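If you want the building blocks of each chain, they are given just below.
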Amino acid sequence: MVAETYNGYCVKCKEKRDFEGEIAVSKTGMKMAKGPCPVCGTTVNRILGKA
């Protein structure tokens, strides 16, 4: 998959950040973008909707 830029909330930084992420499907069937925070390196998730 190709990495795209998404905007998500970093829990550790407590700010919204743009991150490079890939689309993954959660256990409940929701599409989400997962990627590292560019500042602290924590995984940032952004829920996109049903798969």
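Residues numbered from 1 in each chain as written. Predicted model: local features only at pLDDT ≥ 70, side-chain atom pairs only at ≥ 80, totals over all residues. Heavy atoms only, no water.

1. Considerations on the overall build of the protein chain
Then step 1. The number of helices and strands found in the protein chain is zero helices and four strands.
Then step 2. In the protein chain, the succession of helices and strands from N to C terminus is β-β-β-β.
Then step 3. On C-alpha atoms alone, the protein chain measures out to a radius of gyration of 11 Å, which is about the 10 Å that the 2.2 N^0.38 rule sets for 51 residues.
Then step 4. In terms of overall dimensions, the protein chain has C-alpha extents of about 30 × 20 × 15 Å along its principal axes.
Then step 5. Across the protein chain, every contact between residues at least 6 apart in sequence was considered, and the portion connecting residues at least 24 apart equals 17%.
Then step 6. Counting only carbon and sulfur atoms, one obtains 54% of the accessible surface of the protein chain, whose full area is about 3700 Å².
Then step 7. Of the side-chain charges in the protein chain, 9 are positive and 5 negative, and the distance between the mean point of each set is 11 Å. (Helix = DSSP H or I, 4+ residues; strand = E, 2+ residues; numbered from the N terminus. Rg over C-alpha atoms; globule rule 2.2 N^0.38 Å. Contact = heavy atoms within 4.5 Å. Areas by Shrake-Rupley, 256 points an atom, 1.4 Å probe, with all protein chains shown as cover. Lys, Arg positive; Asp, Glu negative; His and termini not counted. Charge placed at Lys NZ, Arg CZ, Asp CG, Glu CD.)

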